[in-house]
Amino acid sequence: MKKLFLPLFACLFFDFALAADPPSSKEESVDVSKSCAIKKAENFIVEKNPRFDKTDRKPAIEDDGKNWKFYYASAGLMIGGGGPVVIIDKKTCEVVKVYYEQ
């Protein structure tokens, strides 16, 4: 009986291990999409507005449903001077819209 138990246990263990759902890669794909959006938006700003001064500004990205909203957040109590906002499609990683905030 003991000789039968060990192989049976091993088969059941490996069967459950293989039947378990694989780890979700949704978070990984979101991160890839987010990094693509950041890279695309930064390149777009440099290409279309090379004089934009991003000194003392931190890049920020927000999930806006179907799109990513990329912008440079102003530092602290900065008064005046808006910046570009680049909207990137999550599925295609293409620029959808660009506007400037005041």
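Let me sum up the structure you'll find in this document. (Residues numbered from 1 in each chain as written. Predicted model: local features only at pLDDT ≥ 70, side-chain atom pairs only at ≥ 80, totals over all residues. Heavy atoms only, no water.)

### Some details on the pattern of salt bridges
- Under the counting rule described, the total for this entry stands at 4 salt bridges.
- With a closest N to O distance of 3.7 Å, E94 and K40 form a salt bridge. Taken together, the residues E94 in the loop between β3 (84-89) and β4 (95-100) and K40 in helix α2 (residues 26-48) connect sequence positions 54 residues apart.
- A relative accessible area of 41% means that E94 is categorised as partly exposed.
- You can call K40 partly exposed: its relative accessible area is 29%.
- Note that D63 and K90 form a salt bridge whose closest N and O atoms lie 2.5 Å from each other. Taken together, the residues D63 in strand β1 (residues 57-64) and K90 in the loop between β3 and β4 connect sequence positions 27 residues apart.
- Using a relative accessible area of 51% as the deciding quantity, one classes D63 as exposed.
- Given a relative accessible area of 24%, K90 falls into the partly exposed group. (Salt bridge = Lys/Arg side-chain N within 4 Å of Asp/Glu carboxyl O. Helix = DSSP H or I, 4+ residues; strand = E, 2+ residues; numbered from the N terminus. Buried < 20%, exposed > 50% of the residue type's maximum accessible area, 1.4 Å probe, protein only.)

### A short note on the packing of aromatic side chains
- Tallying each qualifying case throughout the model produces 2 aromatic pairs.
- Between F52 and Y72, the aromatic rings sit 5.7 Å apart at their centres with planes inclined by 40 degrees, giving tilted as the arrangement. Note that F52 is positioned in the loop between α2 and β1 and Y72 in strand β2 (residues 67-74), a separation of 20 residues in sequence.
- Consider the rings of F70 and Y72, whose centres lie 5.3 Å apart with planes at 80 degrees: the pair is edge-to-face. Pair check on accessibility: F70 and Y72 agree, each one buried.
- In this structure an aromatic cluster arises from ring pairing among F52, F70 and Y72.
- Cation over ring: K90 sits above W68, and NZ or CZ is 4.7 Å from the ring centre. (Phe/Tyr/Trp six-rings, centres within 6.5 Å; stacked < 30°, edge-to-face > 60°. Lys NZ or Arg CZ within 6 Å of the ring centre and 35° of its normal.)

### Things to note about the nonpolar core
- Grouped together as the largest cluster of nonpolar side chains are 10 residues: A37, A41, I45, F52, W68, F70, Y72, V86, I88 and C93.
- Of all the secondary structure elements, the ones that give two or more residues to this core are α2, β2 and β3.
- Among residues more than four places away in sequence, those in contact with Y72 are E42, I45, F52, K54, R57, K58, P59 and P84. (Core = buried A, V, L, I, M, F, W, Y, C linked by side-chain atoms within 4.5 Å. Contact = heavy atoms within 4.5 Å.)

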